[in-house]
Amino acid sequence: MKKILVTGGAGYIGSHTVVQLLNSGKDIVILDNLSNSSLGVIKRIEDLTGKAVEFIEGDIRDRALVRATFEQHTFDSVIHFAGLKAVGESEAFPLRYFDNNVSGSIVLFEEMMRANVNQLIFSSSATVYGNPGSVCYTEETPLSPINVYGRTKLMVEDILRDLQKANPALRIALLRYFNPVGAHESGRIGENPFGKPNNLMPFMTQVAIGAQEKLMVYGNDYPTPDGTGLRDYIHVEDLAAGHLAALKALEQNASITVNLGTGKPYSVFDMIKAFEGASGVKIPYEVVTRRAGDLSEYYADPTLAKKVLGWEAQLGIDRMCADSWRWQKNNPKGYS
Ligand code: NAD
Ligand code: UD1
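Please read these numbers as outputs of a predicted model, since none were measured by experiment. (Residues numbered from 1 in each chain as written. Chains lettered and ligands numbered in written order. Predicted model: local features only at pLDDT ≥ 70, side-chain atom pairs only at ≥ 80, totals over all residues. Heavy atoms only, no water.)

**Remarks on the overall build of the protein**
Scanning the protein from terminus to terminus reveals 11 helices and 15 strands. A globule of 336 residues ought to have a C-alpha radius of gyration of about 20 Å, and the protein, at 19 Å, matches this closely. If one aligns the C-alpha atoms of the protein with their principal axes, the spans along those axes are about 55 × 45 × 40 Å. Counting the 336 residues in the protein, one finds 54% classified as buried. For the protein, long-range pairs separated by at least 24 residues make up 79% of all intrachain contacts whose partners lie at least 6 apart in sequence. For the protein, the exposed surface amounts to about 14,300 Å²; the carbon and sulfur share of it is 50%. (Helix = DSSP H or I, 4+ residues; strand = E, 2+ residues; numbered from the N terminus. Rg over C-alpha atoms; globule rule 2.2 N^0.38 Å. Buried < 20%, exposed > 50% of the residue type's maximum accessible area, 1.4 Å probe, protein only. Contact = heavy atoms within 4.5 Å. Areas by Shrake-Rupley, 256 points an atom, 1.4 Å probe, with all protein chains shown as cover.)

**A short note on the site of ligand 2**
Around ligand 2 sit 19 residues in total, of which Thr127, Met216, Arg231, Arg291 and Asp294 are the nearest. Arg231 places a polar side-chain atom, nitrogen or oxygen, 2.5 Å from an oxygen atom of ligand 2. Tyr298 is positioned such that a nitrogen or oxygen atom in its side chain is 3.4 Å from an oxygen atom of ligand 2. Taking 730 Å² as the accessible area of ligand 2 by itself, protein coverage stands at 89%. Looking at the shell around ligand 2, the elements with two or more residues in it are strand E8 (179–181) and strand E9 (215–218). Of all the elements, E9 adds the most residues to the shell around ligand 2, at 4 residues. Its residues assigned to classes, the shell around ligand 2 shows 10 nonpolar, 6 polar and 3 charged. (Near = heavy atom within 4 Å. Polar contact = N/O pair within 3.5 Å; in protein donor to acceptor, adjacent residues only side chain to side chain. Nonpolar A, V, L, I, M, F, W, Y, C, P; charged D, E, K, R; others polar.)

**A look at the site of ligand 1**
Around ligand 1, the surrounding shell holds 28 residues, and the nearest of these are Ile13, Asp32, Asn36, Ser37 and Tyr149. Measuring from an oxygen atom of ligand 1, one finds a backbone N or O atom of Ile13 at 2.8 Å. A distance of 3.1 Å separates a nitrogen atom of ligand 1 from a polar atom in the backbone of Asn33. Burial of ligand 1 by the protein chains amounts to 95% of its free accessible area of 820 Å². Where the shell around ligand 1 is concerned, the elements lending two or more residues are helix H1 (12–23), strand E5 (119–125) and helix H6 (148–166).

**Notes on the pattern of salt bridges**
The tally for this structure, following the rule as stated, stands at 24 salt bridges. With a shortest N-O distance of 3.0 Å, Asp47 and Lys43 are connected by a salt bridge. Separated by 4 residues within a single helix, Asp47 and Lys43 lie in helix H2 (residues 40–49), roughly one turn from each other. Residue Asp47 is joined to Arg188 by a salt bridge in which the shortest nitrogen-to-oxygen separation is 3.0 Å. Placement of the pair is Asp47 in helix H2 and Arg188 in the loop between E8 and helix H7 (200–208), with a sequence separation of 141 residues. Overall, Asp47 belongs to the partly exposed group, its relative accessible area being 41%. Residues joined in a network through salt bridges with shared partners are Arg63, Arg67, Glu110 and Glu111. (Salt bridge = Lys/Arg side-chain N within 4 Å of Asp/Glu carboxyl O.)

**Considerations on the nonpolar core**
When a protein is soluble and globular, its nonpolar side chains tend to lie buried together. With 40 residues, the main nonpolar core has Ile28, Ile45, Ile121, Leu175, Leu260 and Leu309 as its most contacted residues. Those elements that place two or more of their residues in this core are strand E1 (3–7), H1, strand E2 (28–32), H2, strand E7 (171–177), helix H8 (236–249), strand E12 (255–260) and helix H10 (303–309). When residues no more than four places from it in sequence are discounted, the contact partners of Leu175 are Ile121, Phe122, Ser123, Ser124, Ser125, Gly242, His243, Ala246, Val258 and Leu260. In terms of nonpolar packing, the next biggest core, distinct from the first, is built from 22 residues, Leu31, Ile60, Val117 and Leu120 among them. (Core = buried A, V, L, I, M, F, W, Y, C linked by side-chain atoms within 4.5 Å.)

**Re the packing of helix H3 (residues 63–72) against helix H5 (residues 94–114)**
The N-to-C vectors of H3 and H5 enclose an angle of 35 degrees; their axes lie 9 Å apart at closest approach. Between H3 and H5 lies a crossing whose hand is right-handed. In this structure, H3 contributes Arg63, Val66, Arg67, Phe70 and Glu71 to the contact, and H5 contributes Val107, Leu108, Glu110, Glu111, Met112 and Arg114. (Axes fitted to C-alpha atoms, helices over the stretch in contact; angles between N-to-C directions. Left-handed = near helix turned anticlockwise from the far one by under 90°.)

Quick look at the structure:
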């Protein structure tokens, strides 16, 4: 059986997707440099699936390694999660982001083409839309990212669109994720940020275990019903399922670009309330000034994903909070 190369498969979204791929009988190889993940996740994936995982520790920018990986295995697809994702860091160190996310992707695509592997799923992001005025993003919403991280995602999307024009044999899915949260129901794998978390859910779970003192709510003066920012949070298990649906859909449709979100926005206060309900733990918080670069509100129009992939998110915010909490409570120090 031909295999799937999963770059960044030891990371948060990659690990959940790998579990679903293995459970559905797919054969996979993970390539990850562990720059934002731990080897411990591989053993957990093996425990959860009862299958051995082929793991290669290495960098997508290491051409010799990537070439050897394509030579030593017969792949029919690549799922490309590997990338850096911290918006603030991308503004401070733009070259690090262009090198890792863009140059790294180019090396991967060149070696993929060399090996005649024609099918790719790429992790794009809602950040490619920037600040378009409307708050409900369809795939037709203009693309105009407002930070370096978002520009790296748009550049890779553009490269892939051009590559497909030049090589019509390619089959490419660009999946634009909204805000992934939650964890595997077992509590064995989940999001494991190194250092202080940037995002709302991992920060809140760390407050709940006492690793952070209190949550800073970034602004309650937005033009939203309770004044806090509204986002489209999506359970990582739903997101992972979107990748399996995209693999299937690529059999019929060679070019796919879809939003993966729920279409239902929730505020910071909604999330605090849902988390307290799911965990039984009170979250101390303080309202502070807005975070630079934050938008008031945005969410996905998920209609096209439903039509093209036959996929829609199933899990609501109570389940997102319960699963995030189980993971954090059972693993206060992540995988270490
Ligand atoms: P993550 O950091 O947990 O996973 C990314 C993985 O890629 C990590 O295991 C990291 O070690 C690896 N990696 C990074 N650079 C690499 C390189 N040069 N070579 C090999 N491995 C490398 O992040 P995630 O949340 O799982 O995100 C996966 C993908 O989805 C990323 O491309 C990210 O930009 C994109 N995305 C994430 C979100 C989100 O909120 N989590 C939203 C939209 C898009
Ligand atoms: C952030 C990134 C975005 C990326 C996404 C991935 C920025 C500006 N944007 O989006 O590019 O795709 O993560 O999930 O970094 N909040 C608090 N307190 C906190 C953390 C967050 O109040 O400690 C609020 C934010 O102001 C926002 C909401 O919670 O309203 C969600 O924030 P976050 O989880 O960081 O995601 P985004 O800002 O949507």
